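A closer look at the structure
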Amino acid sequence: MEMKDAIDIRQNTIPEGKPSVSGAIGRSLLSFSFKFLLTTICIGALASCIKDDRSDCVEETTLTVLFEYLLPDSTERFQRYIDNVDLYIFDAHKNLYDIIPVEKSSLMAFRGITTAVEPGDYYLVAWGNTLYASSGYTGESYPEMALSHNPAAATTGPLYYAPDLRSIREGDADDPYRITVIQNENNVHTLPFMGAHHTVEIYVKGIAEVDVPDAELSGMAAGYDYSLGLLASQTIRFTSRTEPIEVEGEPVFFASFCVPHLDDRLPVTAAVVTGDNISGSVVVQQYIEEQEIEVTDGNPTIIPILFEYKDGTFVRVSFPGWMQNDVTGGF
């Protein structure tokens, strides 16, 4: 390099026609600042898209989920038996994506929901009639979800669950309901519900009408996982005042409870409380076996138990003679 082309540091001058170092640095800093600002904006937009509005990242598409509850004879009865639905949507990684509550008024107009989601794979889980059971999910990811009873609830109610786990347990599917949502496609999926309860009916015969007894159901699991397996060993108890009814011309006291799931590992006890004491009781699972009542998950079954008294003293537990032993129902 000739001296005339060199930068004269002492005079702080720059030969004509050569770029300024400070100008180059300035332009570099400007370029860096612009890139940094652009990156920050992109990161901020991405974070905003994740936390606030997913539609900013990926164009959403329409998903329609139809609800179905079929009786054993394939008769559709969803709108007759199910008054509300809590639909849980999980993403492909089984993390909670959305919760959609659907009220009875909406279900009467349309047996399902329509929502907007990003294209991809999802898992669907739903509970029907949670208004009656005071139940819901806790947790954030699909395997951690659990149905929990509210022990402060006055009584239990009929619960319905989707998807129908009977086919899953028979090996027809790997996971509760998995769907794929495709962009610009007609994404309509039918979610089949099953009955997730059995009804324990308690009848009390031989007690004076002035001594109205209470009926009690204890030992029920406090929670269930997403496949209706026992979540924990904690149990809860429900107590209900019986109501006088007339059966075959005789006065009888009656109460009923809905049990989401019966498991031999957790005995459920039905009892009659007179005064402040339990005067008669029976383990429900043992009673079912003795009376040869067929109880299977997904098929709501009535389990009638008659507590008989004589002169106010408990005598025995028996199957009500006015009922047939075939008590499987589709309600």
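Preceding block: the structure.
A brief structural summary.

Rules used in this analysis
- Counting starts from 1 at the beginning of each chain's written sequence and moves along it residue by residue.
- Confidence filtering applies because this is a predicted model: local features only for residues at pLDDT of at least 70, side-chain atom pairs given and counted only at 80 or more, and all residues used for totals across whole chains, interfaces and linings.
- Water and hydrogen atoms were dropped before computing side-chain values, which therefore reflect all heavy atoms in the structure.
- Secondary structure is summarised from DSSP: a helix means a run of H or I of at least four residues, a strand means a run of E of at least two, and numbering begins at the N terminus for each.
- Relative accessibility decides the category of a residue: with a 1.4 Å probe and only protein chains considered, values under 20% of the type maximum give buried, values over 50% give exposed, and everything between is partly exposed.
- Working definition: rings of Phe, Tyr and Trp (its six-membered ring) pair if their centres are within 6.5 Å, and the pair is stacked with planes under 30 degrees apart, edge-to-face with planes over 60 apart, and tilted otherwise.
- Two strands form a pair only when DSSP identifies at least two bridges running between them.
- Lines fitted to C-alpha atoms define the axes, with helix axes restricted to the stretch in contact, and inter-axis angles between N-to-C directions lie between 0 and 180 degrees.
- Cavity and pocket criteria rest on a 1 Å grid covering protein atoms alone: a 1.4 Å probe that fits but cannot get out defines a cavity, protein on both sides within 12 Å along at least 5 of 7 lines defines an open pocket, and an atom within 4 Å of a point defines a lining residue.
- Grid points are joined across faces, edges and corners, and a volume is the space filled by probe spheres set on the points.
- Charged residues are taken to be Asp, Glu, Lys and Arg, nonpolar residues to be Ala, Val, Leu, Ile, Met, Phe, Trp, Tyr, Cys and Pro, and polar residues to be all remaining types, Gly included.

So, about unusual backbone geometry. With an omega of 10°, the peptide bond running from Ala162 to Pro163 counts as cis. Along the chain, the position of Pro163 falls in the loop between strand 7 (160-162) and helix 5 (165-169). Not every positive phi belongs to a glycine, and Asn184 is a case in point at roughly 60°. Its location among the elements puts Asn184 in the loop between strand 8 (178-181) and strand 9 (187-192). Taking the relative accessible area as the measure of exposure, Asn184 reaches 65% and is therefore exposed. In the Ramachandran plot, Glu248 falls in the positive-phi region, its phi being about 50° despite a non-glycine side chain. Note on placement: Glu248 falls in the loop between strand 15 (243-247) and strand 16 (250-259).

This next bit is on the packing of aromatic side chains. Throughout the structure, instances matching the rule amount to 11 aromatic pairs. Between the aromatic rings of Phe67 and Phe193, the centroid separation amounts to 5.6 Å while the plane-to-plane angle is 80°, which identifies the pairing as edge-to-face. On the criterion of sequence distance, the pair formed by Phe67 in strand 1 (residues 61-68) and Phe193 in the loop between strand 9 and strand 10 (194-195) is long-range, its members being 126 residues apart. Ring centres of Tyr69 and Tyr160 lie 5.0 Å apart, and the angle between their planes is 70°; on these two criteria the pair is classed as edge-to-face. Taken together, the residues Tyr69 in the loop between strand 1 and helix 2 (78-81) and Tyr160 in strand 7 connect sequence positions 91 residues apart. The same class applies to Tyr69 as to Tyr160, namely buried.

Attention now moves to the sheet that holds strand 12 (residues 214-221). Two modes of strand pairing occur in sheets, parallel and antiparallel, and in both the strands are linked by backbone hydrogen bonds. In spatial order, the strands read 14-12-17-18; together these 4 strands make up an open sheet with antiparallel pairing. Both outer strands of the open sheet, strand 14 (235-241) and strand 18 (277-283), are each paired with one neighbouring strand and no more. Taken pair by pair, the neighbouring strands of this sheet meet at an average axis angle of 20°, ignoring direction. Here strand 17 (residues 269-274) runs beside strand 18; their pairing, made up of 6 bridges, is antiparallel. Bridge pairing in strand 18 links Thr274 to Asn277.

The strand order 15-16-11-19-20 describes an open sheet built from 5 strands, whose pairing is mixed. Of all strands in the sheet, those bounded by a partner on one side alone are strand 15 and strand 20 (313-318). Taken pair by pair, the neighbouring strands of this sheet meet at an average axis angle of 35°, ignoring direction. Where strand 15 lies against strand 16, 5 bridges are found, and the strand directions are antiparallel.

Moving on: empty space enclosed by the protein. All told, the structure shown has 2 cavities of 30 Å³ or more when counted by the stated rule. The volume enclosed by the largest cavity comes to roughly 40 Å³. The wall of the largest cavity is formed by Gly219, Met220, Ala221, Tyr224, Leu230, Val259, His261, Leu262, Asp263, Leu266 and Val268. Take the lining of the largest cavity: its biggest share by element is 3 residues, from strand 12. Across the lining of the largest cavity, the residue classes break down as 8 nonpolar, 2 polar and 1 charged.

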